[in-house]
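Here are the chains, one letter per residue:
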Amino acid sequence: MFPPDQPPSSPPAPQADYLVRLNPEQREAVETVDGPLLVLAGAGTGKTRVLTTRFAHILMSGRAFPNQVLAVTFTNKAAKEMRERVAAILGRPAEGLWLGTFHALCARMLRRHAEYVGLTSSFTILDTDDQMRLLKQVMDAGVVDMKRWPPQGMMAVIQRWKDRGLTPARITPAEDSDYANNRARSIYEAYQSRLRDLNAADFGDLMLHMTEVLRTQPDVLAQYNRMFRYVLVDEYQDTNTVQYLWLRLLAQERRNICCVGDDDQSIYSWRGAEVENILRFEKDFPGAKIVRLEANYRSTRPILAAAAHLIAKNEGRLGKTLRAGRNDADGEKVRVVSLWDSEEEARTVGERIEGAQRKGISLGETAILVRAGFQTRAFEERLITLGIPYRVVGGLKFYERAEVRDAMAYMRVLHQPSDDLAFERIVNTPKRGIGDGALSAMHTAAREQGVPLAVAAERLARTEVMRARSRAAMRELFDGFHRWRALLGKDGHVVAVATMLDESGYTEMWKQDKSAEAPGRLENLKELVRAIGEFATLEGFLEHVALVMENDENAAEARVSLMTLHAAKGLEFDLVFLPGWEEGLFPHQRALDEGGTKSLEEERRLAYVGITRARKMAVISHAANRRVYGNWSAAIPSRFLAELPEGEIEREGSGASQRAAMLGGPSVFAGGGISSYKPRVIEAGAWEVKERPARAEAMRVGQRVFHQKFGYGRVTAADDNRLEVDFEKAGAKRVLDSFVEKA
DNA sequence: AGGTTAGTAATTTTT
DNA sequence: TTACTAACCT
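Along each chain, residues carry numbers from 1 onward, in the same order as the chain's sequence is written. Numbering of ligands from 1 and lettering of chains from A proceed in the order in which they are written. This being a predicted model, a pLDDT of at least 70 is required before a residue's local features are given, and a value of 80 or more before pairs of side-chain atoms are given or counted; all residues contribute to the totals for chains, interfaces and linings. Excluding hydrogens and water, the side-chain figures rest on all heavy atoms present in the structure.

**Student:** Can you break down the overall build of chain A residue by residue, with the values?
**Tutor:** Helix and strand content of chain A: 30 helices and 24 strands. In what follows, a contact means two residues having at least one pair of non-hydrogen atoms within 4.5 Å. The contacts in chain A between residues at least 6 apart in sequence include a share of 75% that link residues at least 24 apart. Helix numbers and strand numbers start at the N terminus; a helix is a DSSP run of H or I with at least 4 residues, a strand a run of E with at least 2.

Have a look at this one:
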């Protein structure tokens, strides 16, 4: 289970040509191998290069075997990239590495020590849907008024506790929450005990349980301490308390821990991340060395200057100054564009994208980064109208789609019949006539007999208790599962799953569905079955999906990327649009209301992250009027606009709003934030008032039409005012005739 | 059991 | 405005 203590004794003398390509500070970060090291890596300073080179260097200098290095990232993407780049330096596939996300590594460890926390090694990892359903069950059983105390709130409390490494037993009265009349802790306790009954762990548990094992089992800890000679950590500023504890335990003996991060890019405090972890590093690891990477190889000088000037307004930074590392760093000033309303903003962005495209900037190197998800819609509509291809990053991911989750639940039941939550999900999908009544009967039986839900259900289905119709359907389902399980051994997991999805009636359900999304869903199911084939076993596939909720997009066509600022961290583009810089939206009202200065500073870091995504050009904009939930509101320019260095930016746009942008911030207005605004007052002359499409004549089949969101299409069916339209870009949709006009 | 309708709430989301 | 949920009807 554990590798030998001794590292390879006489390694071949490495030709360290990989070191030559580093600048002095990077090289120092790579070559300071022993003892604690903090690498403060500003945006675009070659952080990943340092991390991967350091990893390779440790191996090539013979300091450790591949399996004696622990390398931790936050995202699967980062882990994958590191693995590939280490392999590239080594010149061979990097195998047997402890390289992965916090959660994947914890899952791997926890499977070996699950018994210490009351699980078996085959525990299932729950997705967010499962978690919520389980918590609701627990709260329901505890007679909590879920109207007054929404389960989401309770879930947030539980997750924060888990982020802090607090098992129910470790919560002191002082740390208890007053949620649901001081019952938070007991609900948490009940939830954890239900998870244990189900032999399941949620995401937070992977970290929490493994840390608990290390805390309470000295022999296990000693094994890992002996094994891991070096520890590498990416994005250290985003670690939460339990991750910090886990790292400290694993690195405590040899103290060869290298954390790479950037306090200026800490934007996940609301998810439990503690910037303090990085700010405190020297205290935690006395004698730690700190290396700063400040040479930026990504952006032009004005972009860097704007970002640096902005972030300098934050207090309590470790302090870093980005300097342009490129020889060709001169570039255009950062644009700050003032606009009348959000529609003009979308139009302007669209036009500028087209203009830039003509100048040779690829759509694939263009991004629109927004503060909140709903903002993407206005841009989507505009891009559709202009026929510019785009992709929304971070929307519903492949594995989060309902049909994929359903299919996954079928597979989970197939693999492990005791997976109650998965069974509950599919027992009546497609409809088998199982309602609340039948379901609660199953639950009661399962509890009384002490067997999994599926077993109890099958017993019920074979007796007379259940209604005849549902009984027949249930029996068919269980006969199916027996058949498919036999198939699993005989024809392999791909055939078994494909057969299961067909014979259970699941694919048929979507074939019968007449909605516009149904064909896409069937496509997704096909894609899912194809993906299973890439794994040797069904089990392996399930583990992968539980931990890797990512979709490998076929990025063949160059598309404009639309995403939130959070989703953009770690990415870079030639041309970046940063719209919606308005008080209340960015910085967001919620951050202003709830977290005071700390939150405001995090918003500022978000702005910093946004600007530093740009290689050649950044266009920041704000609108004077914005539609919020259907009605228009007046908006004040973001205070961040006033924090940009005048010399490095160029202001454009209409007079009044521009002046306001220069003053910046809410200080000149009483109250601040988005105030109420009368929707119909539109300044004469400036903007043509759009006419409502006349409802005069009915649309006929075959009519070519235009839709604000979906663009151009042709009517394929018409039923009074309901139309079915086959859109050129967006596919078949059902729309009301009042939303389209004749083209 | 299942579909319909009224009411309500609405950042950010690496795993 | 939309999307989701919880009562409500058939």
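From this point, the narrative continues.
**Student:** Which residues make up the protein's contact with DNA strand C, and what are the values?
**Tutor:** All residues adjacent to DNA strand C are K147, R377, Y629 and G630. What makes a residue near a molecule or strand is one non-hydrogen atom of that residue sitting within 4 Å of it. Within 4 Å of the protein, the atoms of DNA strand C are drawn from sugar and phosphate moieties in a proportion of 42%. Polarity classes work like this: nonpolar for Ala, Val, Leu, Ile, Met, Phe, Trp, Tyr, Cys and Pro, charged for Asp, Glu, Lys and Arg, and polar for all others, with Gly in that last group. For the surface near DNA strand C, the class distribution of residues is 1 nonpolar, 1 polar and 2 charged.

**Student:** Before we move on, could you go through the pattern of salt bridges and cite the residues and values that matter?
**Tutor:** Salt bridge, as applied in this entry: a Lys or Arg side-chain nitrogen positioned within 4 Å of an Asp or Glu carboxyl oxygen. Counted by the stated rule, this structure contains 49 salt bridges. Here K320 makes a salt bridge to D264, at a shortest N to O gap of 3.1 Å. Placement of the pair is K320 in the loop between α15 (301–311) and β10 (323–324) and D264 in the loop between β7 (257–261) and α13 (276–279), with a sequence separation of 56 residues. The pair K320 / D264 is uniform in exposure class, with both members buried. Each of R298, E365, E572, D574, R615 and K616 takes part in a single network of salt bridges with overlapping partners. Think of it in three bands: with a 1.4 Å probe and only protein chains considered, a residue is buried below 20% of the maximum accessible area for its type, exposed above 50%, and partly exposed in between.

**Student:** Tell me about the packing of helix α20 (residues 436–449) against helix α21 (residues 453–461), residues and numbers included.
**Tutor:** The contact between α20 and α21 brings their axes to 8 Å, and the two run at 110°. Regarding the angle of α20 to α21, the classification is roughly perpendicular. For α20 against α21, the interelement crossing comes out right-handed. Residues A441, M442, H443, A445, A446 and Q449 of α20 pack against L453, A456, A457, R459 and L460 of α21. Of the residues contributing to the contact of α20 with α21, the split by class is 8 nonpolar, 2 polar and 1 charged. Helix axes are fitted only over the stretch in contact, all axes being lines through C-alpha atoms; the angle between N-to-C directions runs from 0 to 180 degrees. Roughly parallel refers to an angle under 35 degrees, roughly antiparallel to one over 145, roughly perpendicular to one between 65 and 115, and oblique to any angle outside these ranges. The handedness criterion is simple: a crossing whose near helix is rotated anticlockwise from the far helix by less than a right angle is left-handed, and one whose near helix is rotated clockwise is right-handed.

**Student:** Can you lay out the environment of S504 for me, pointing to particular residues and giving the numbers?
**Tutor:** For S504, the position within the fold is in the loop between α23 (493–503) and α24 (506–512). S504 sits 94 residues away from Y410 along the chain, and the two C-alpha atoms are 9.2 Å apart. Not counting residues within four places of it along the chain, the set of residues in contact with S504 comprises Y410, P430, R432, W484 and T499. Side-chain atoms alone can form a polar contact between residues adjacent in sequence; in general such a contact is a pair of N or O atoms within 3.5 Å, and within protein one must be able to donate a hydrogen while the other accepts it. From its side chain, S504 meets the backbone oxygen of M500 in a polar contact 2.7 Å long.

**Student:** Explain the protein's contact with DNA strand B to me, and be specific about the residues and the numbers.
**Tutor:** Neighbouring DNA strand B are 31 residues, the closest being R271, R371, K397, G435 and T564. Contact between DNA strand B and G373: a phosphate oxygen at 2.8 Å from a main-chain N or O atom of the residue. One of the side-chain nitrogen or oxygen atoms of H588 is found 3.3 Å away from a sugar or linking oxygen of DNA strand B. Contributions of two or more residues to the surface near DNA strand B are made by α20 and α28 (589–611).

**Student:** Please provide a residue-by-residue account of the side chain of T239, values included.
**Tutor:** With respect to the helices, strands and loops of the structure, T239 is situated in the loop between β6 (230–233) and α12 (241–251). Look at T239 and you get buried, because its relative accessible area is 0%. Excluding residues that lie within four positions of it along the chain, T239 makes contacts with F74, F102, L247, A273, E274 and N277.

**Student:** Go over the environment of R530, please, and point to the residues and values.
**Tutor:** Here R530 shows up in helix α25 (residues 518–532). When its relative accessible area of 45% is taken as the criterion, R530 is described as partly exposed. Expressed as a C-alpha distance, the spacing of R530 and D202, which sit 328 residues apart in the sequence, is 27 Å. At 2.9 Å, the side chain of R530 forms a polar contact with the side chain of E534.

**Student:** Would you mind going over unusual backbone geometry in detail, with residue names and values included?
**Tutor:** Glycine aside, a negative phi is what most residues show, and trans is what most peptide bonds show. With omega at 0°, the peptide bond leading from T429 into P430 counts as cis. Among the secondary structure elements, P430 is positioned in the loop between α19 (420–426) and α20. Of note, the bond from F586 into P587 is cis; its omega dihedral lies within 30 degrees of zero at 5°. The residue P587 is located in the loop between β15 (573–578) and α28 in this model. Located in the positive-phi region is N199, a residue other than glycine, with phi close to 55°. On the accessibility criterion, N199 (14% relative accessible area) is buried. A positive phi angle, near 50°, is found at E235, a position not held by glycine. Note that E235 resides in the loop between β6 and α12.

**Student:** Describe α15, naming the residues involved and giving the relevant values.
**Tutor:** By the burial criterion, the buried members of α15 are P302, I303, L304, A306, A307, L310 and I311. For α15, the secondary structure elements touched by its buried residues are β9 (295–296), β10, β11 (334–341), α28, β16 (614–628) and α29 (639–642).

**Student:** Residue-level account of helix α17 (residues 376–386), with values.
**Tutor:** Turning to α17, its buried residues number three or more, namely T376, F379, E380, L383 and I384. Projected onto a plane normal to the axis of α17, the buried residues spread over an arc of 135° and lie on a single side. Phi turns positive, to about 70°, at G387, one or two residues after α17. What the arc covers is the set of directions going from the helix axis to the C-beta atoms.

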